[in-house]
Amino acid sequence: MWEALSLPFFQRVLIAGLLASVACGVIGSYVVSKRIASLTGGLSHAAFGGVGLGYWAGLSPLIGAAGFGLVASMIIGMAHRKVRSGLDILIAMVWSVGMALGIIFIALTPGYVPDLMSYLFGSLLFVSWADVGLVAIVDVIILSAVFLFHPLFETICFDEEYAEASGMPAGPTLLTLLGLASLAIVTLLRVVGVILAIALLTMPAATARRWVGTLPAMMVLSVGLCAASIAGGLFLSYGISGAWGLSIPPGPLIILIATITYVSSIALPHRRHAETNGNTLRA
Amino acid sequence: MTDFAVELKALSVNLGGQTVLDRVDLSVNPGEYLAILGPNGGGKSTLLKVILGLHRPSSGEAQVLGQSPRQARRKVGYVPQQSAFDLDFPIRVSEVVRMGRLDSFRVGGFNQDDRLAVDEALDRVELRDLSLAPVGALSGGEVQRVLIARALARRPQLLLLDEPTSSLDERIGHSIWDLFDELSQEMTVMIVSHDMGAVARSVGSVACLNQQLHMHPSKELTSEILEAAYGCPIDLLAHGHPHRVLADHEGT
Ligand SMILES: Nc1ncnc2c1ncn2[C@@H]1O[C@H](COP(=O)(O)OP(=O)(O)OP(=O)(O)O)[C@@H](O)[C@H]1O
Ligand SMILES: [Mg+2]
């Protein structure tokens, strides 16, 4: 299996996947603590509209997805701040309209679209060095934003009303965070695909949450868990195709690994219990 | 510009098509210690949210520390009635209190002065020992003290407290009221509370709010004054018990 490391296509997908885990673990920690998984799921499906747009316009589908995701995140974010209730309908709408537009754009694109499935479920084969570069750029954007504005992001995730009342720019902070979430989704498109991206944004972070007590620690641990799931899924996908000639896209395998990790972490006694007991004793 | 800490003029608020505050006039002097009493749904929390700029008045004016409510936010400490946050959130006590330092756009982390203010605030609510505890592991009363500390951490000129003692036990409740008394020497304090006994002992003036607002400069809180003010009979009970509204209001 290790000979995969000497194959250029595998090197590219592995590097892209490992870089994507940085974006994914960091943003996933905000998504899980703020409990906006369904909102983020809406964003990732909306990104498919951008993939279609990219094909149709002859741009990189990833650039299309980034643009589409940013627009969708602004719409959902502003609606979230205005209505607060009834948001689930809007999310369902953005979710399905994004997919619908993607399919229409692809139907309008002349000729055959060879790697369409790879945007839905990920692929070992289609990652280019340009894609790797794009993922790296997104990582830099996300890490700089978090480095500069983490206190604002943390406050808006923890208690939105207080954030608003405190005088900090609550609206722009929330929109920025959702924009970063849609960029994190773009990093996952090539490796796990739109449909499964949300699982990788939430499960490693939810697993990490059980073991740590602060957001920064949760981020570090979920980056690690993300990277392990992605690397595991990629090697497994390669191994299965080598051993049995079956081509299973890496996305589903990555998700299964992340799920097994999460479920086993629930079965284990976790650290927060110990902390809780410690406090009761002290009080 | 006015010299009042809070000035509301003929202020009305409609929420969901319903009048919640009806032409409220209120002037709070700097340094005043004011309690807001009133029945559930009387609009007390709404009044504080207007002062914070979280609700827009449908008519009338609001000025806070000589500015618009939104501009004044950075000088106002707020303890919400129900904290909307999730106890499963991965965060420590000191990190929540630190949020009180955020009062505008900010780039980067917290500085020495922030840390000092956080420690001071934790000391005042006697939570220094728990500063590293995860918030999810605290009792309801401890959480309430964390929220008071968060409000104090910004060293406010105006402190808005919305039923801050509702889940505190007798002993802590007492010492928290002592803390409020002490704070009222340093800043303007507006407190919503159903704890009539403590209100009668502590505050300088009382406002009764049930859509409309009636002021009582006296701290001599009697059943008669309350009844006259609310237009409803109210039971004045010993410390630690909420008052009871004994009959329906006849819209004043
Ligand atoms: N966002 C909102 N939308 C619609 N109605 C609202 C909203 N917020 C409050 N209300 C209504 O305004 C009225 C006053 O609410 P408010 O929370 O100010 O009362 P309160 O005096 O603080 O009551 P309590 O003692 O129960 O805390 C209530 O009838 C409530 O239903
Ligand atoms: Mg209230």
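Residue positions within a chain follow its written sequence, with the count starting from 1. Chain letters and ligand numbers both follow the written order, the letters beginning at A and the numbers at 1. Since the coordinates come from a predicted model, pLDDT governs what is reported: local features require at least 70, and pairs of side-chain atoms require 80 or more to be given and counted, while whole-chain, interface and lining totals use all residues. Remark: hydrogens and water are excluded; side-chain values derive from all non-hydrogen atoms of the structure.

## Side note on the overall build of chain A
Inference 1: The numbering of helices and of strands both runs from the N terminus, where a helix is a DSSP run of H or I of at least 4 residues and a strand a run of E of at least 2. If you tally the helices and strands in chain A, you get 12 helices and 0 strands.
Inference 2: Ordered by position in the sequence, the α and β elements of chain A form the string α-α-α-α-α-α-α-α-α-α-α-α.
Inference 3: The quantity called the radius of gyration is restricted to C-alpha atoms. Its globule counterpart is 2.2 Å times the number of residues to the power 0.38. Relative to its length of 283 residues, chain A is compact, with a C-alpha radius of gyration of 19 Å against a globular reference of 19 Å.
Inference 4: With respect to the three principal axes, the spread of C-alpha positions in chain A is 65 × 40 × 30 Å.
Inference 5: Here the term buried applies to any residue with accessible area under 20% of the maximum for its type, exposed to any over 50%, and partly exposed to those in between, with areas from a 1.4 Å probe on protein chains only. For chain A, with 283 residues in total, the buried portion stands at 57%.
Inference 6: Partitioning the intrachain contacts of chain A with sequence separation of at least 6 by distance along the chain shows that 79% fall at a separation of at least 24.
Inference 7: Here, Shrake-Rupley sampling with a 1.4 Å probe gives the accessible areas, and only protein chains in the shown set may cover a residue. Working note: accessible area of chain A is about 11300 Å², and carbon and sulfur atoms make up 77% of it.
Inference 8: Of the charged side chains in chain A, 12 are positive and 11 negative, and the gap between their average positions amounts to 6 Å. In what follows, residue pairs with any heavy atoms lying within 4.5 Å of each other are defined as contacts. Neither His nor the chain ends contribute to the count of charged residues, in which Lys and Arg are positive and Asp and Glu negative. Charge coordinates come from a single atom per side chain, which is NZ of Lys, CZ of Arg, CG of Asp or CD of Glu.

## Considerations on the coordination of the magnesium ion (ligand 2)
Inference 1: Listed donor atoms are N, O and S within 2.8 Å of the metal (Na, K and Ca: 3.2 Å). As water is not included, a site may look incomplete. Taken together, B:Ser45 (OG) and B:Gln81 (OE1) make up the full set of protein donors to the magnesium ion (ligand 2), lying 1.9 to 2.1 Å away. You can see B:Ser45 sitting in helix H1 (residues 44–51) and its partner B:Gln81 sitting in the loop between strand E5 (76–79) and helix H3 (93–99), a full 36 residues away along the chain.

## Remarks on unusual backbone geometry
Inference 1: The backbone phi angle of A:Arg35 is positive, close to 55°, even though this residue is not glycine.
Inference 2: Examined against the element boundaries, A:Arg35 turns out to sit in the loop between helix H1 (8–34) and helix H2 (37–57).

## Looking at the interface of chain B and chain A
Inference 1: With 38 residues of chain B at the interface, the matching set in chain A holds 32 residues.
Inference 2: Taking both sides of the interface into account, the surface hidden between chain B and chain A amounts to around 3100 Å²; carbon and sulfur atoms contribute 59%.
Inference 3: Any Lys or Arg side-chain nitrogen found within 4 Å of a carboxyl oxygen on Asp or Glu counts as a salt bridge. On the surface where chain B and chain A come into contact, there are 6 salt bridges.
Inference 4: The partner of B:Arg150 in a salt bridge is A:Asp159, with the nearest N and O atoms 3.4 Å apart.
Inference 5: Counted as a polar contact is a pair of N or O atoms within 3.5 Å, where, for protein atoms, one must be capable of donating a hydrogen and the other of accepting one, and residues adjacent in sequence contribute only when both atoms are in side chains. Summed over the shared surface of chain B and chain A, the result is 9 residue pairs in polar contact (both at pLDDT 80 or more).
Inference 6: Elements that contribute at least two residues to the side of chain B that touches chain A include exactly H3 and helix H5 (140–152) of chain B.
Inference 7: By residue number, the principal contributor to the side of chain B that touches chain A is H3(B), which donates 4 residues.
Inference 8: Basically, the charged four are Asp, Glu, Lys and Arg, the nonpolar ten are Ala, Val, Leu, Ile, Met, Phe, Trp, Tyr, Cys and Pro, and anything else, Gly included, counts as polar. Of the residues contributing to the side of chain B that touches chain A, the split by class is 19 nonpolar, 4 polar and 15 charged. The buried area of a pairing is the accessible area, by a 1.4 Å probe, that goes missing from both parts when the two are put together, added over both.

## Here's the deal with the packing of aromatic side chains
Inference 1: Two aromatic rings, drawn from Phe, Tyr or Trp (for Trp, its six-membered ring), form a pair once their centres lie within 6.5 Å of each other, and the interplanar angle then sorts them: stacked below 30 degrees, edge-to-face above 60, tilted otherwise. Scanning the entire structure with this criterion turns up 9 aromatic pairs over all chains.
Inference 2: Seen from their ring centres, A:Tyr30 and A:Phe153 are 5.6 Å apart, and the 70° between their planes marks the pair as edge-to-face. Residue A:Tyr30 is found in helix H1, and its partner A:Phe153 is found in helix H6 (residues 129–158); the two are separated by 123 residues along the sequence. As far as the burial class goes, A:Tyr30 and A:Phe153 line up, both buried.
Inference 3: Summarising the aromatic geometry, the rings of B:Trp177 and B:Phe180 are spaced 5.7 Å apart at their centres and angled 80° between planes, so their arrangement reads as edge-to-face. Of this pair, B:Trp177 and B:Phe180 both sit in helix H6 (residues 170–184), 3 residues apart, which is roughly one turn of that helix.
Inference 4: Look at B:Trp177 and you get buried, because its relative accessible area is 3%.

## Topic: the site of ligand 1
Residues and elements named next belong to chain B.
Inference 1: In the vicinity of ligand 1 lie 15 residues, with Gly41, Lys44, Ser45, Thr46 and Gln81 positioned nearest.
Inference 2: Side-chain polar atom of Lys44 to an oxygen atom of ligand 1: 2.7 Å apart, as the coordinates give it.
Inference 3: Between Ser45 and ligand 1, the recorded distance is 2.7 Å, taken from a side-chain N or O atom to an oxygen atom.
Inference 4: Bound to the protein, ligand 1 loses 65% of the 640 Å² it would expose on its own.
Inference 5: Of all elements in the fold, only strand E2 (18–28) and H1 reach the threshold of two or more residues within the shell around ligand 1.
Inference 6: Take the shell around ligand 1: its biggest share by element is 3 residues, from H1. Any residue with at least one heavy atom within 4 Å of a molecule or strand is counted as near it.

## Some remarks on the packing of H6(A) against helix H10 (residues 215–244) of chain A
Residues and elements named next belong to chain A.
Inference 1: In this analysis, axes come from line fits to C-alpha atoms, helices being fitted only over the stretch in contact, and the angle between any two N-to-C directions falls in the range 0 to 180 degrees. Their axes nearest at 12 Å, the elements H6 and H10 cross at an angle of 125°. With respect to each other, H6 and H10 are oriented oblique. Contacts between H6 and H10 involve Val146, His150 and Glu154 from the former and Leu215, Pro216 and Met219 from the latter.
Inference 2: Looking at the contact of H6 with H10 residue by residue, the class counts come to 4 nonpolar, 1 polar and 1 charged. Should an angle fall under 35 degrees it is taken as roughly parallel, and over 145 as roughly antiparallel, whereas 65 to 115 is taken as roughly perpendicular and any remaining angle as oblique.

## So, the pattern of salt bridges
Inference 1: All told, the structure shown has 19 salt bridges over all chains when counted by the stated rule.
Inference 2: B:Asp86 is the partner of A:Arg35 in a salt bridge, and the nearest nitrogen-oxygen pair spans 2.4 Å. Within this pair, whereas A:Arg35 is found in the loop between H1 and H2, its partner B:Asp86 is found in the loop between E5 and H3, the two belonging to separate chains.
Inference 3: You can call A:Arg35 exposed: its relative accessible area is 56%.
Inference 4: In this structure, B:Asp114 engages B:Arg101 in a salt bridge whose closest nitrogen and oxygen atoms are separated by 2.8 Å. Residue B:Asp114 is found in helix H4 (residues 112–124), and its partner B:Arg101 is found in the loop between H3 and H4; the two are separated by 13 residues along the sequence. For the residue pair B:Asp114 and B:Arg101, the accessibility class agrees, reading buried in each case.

## Considerations on the pairing of strand E7 (residues 188–192) of chain B
Residues and elements named next belong to chain B.
Inference 1: For E7, the buried fraction is high: 5 of the 5 residues fall into the buried class.
Inference 2: Strands pair, by our definition, only if DSSP identifies at least two bridges between them. Two strands pair when backbone bridges link them, and strand E3 (residues 33–37) and E7 are joined in this way by 4 bridges, in the parallel orientation. Within the sheet, the bridge partner assigned to Tyr33 lies in E7 and is Val189.
Inference 3: With 5 bridges connecting them, strand E6 (residues 158–162) and E7 associate as parallel partners.

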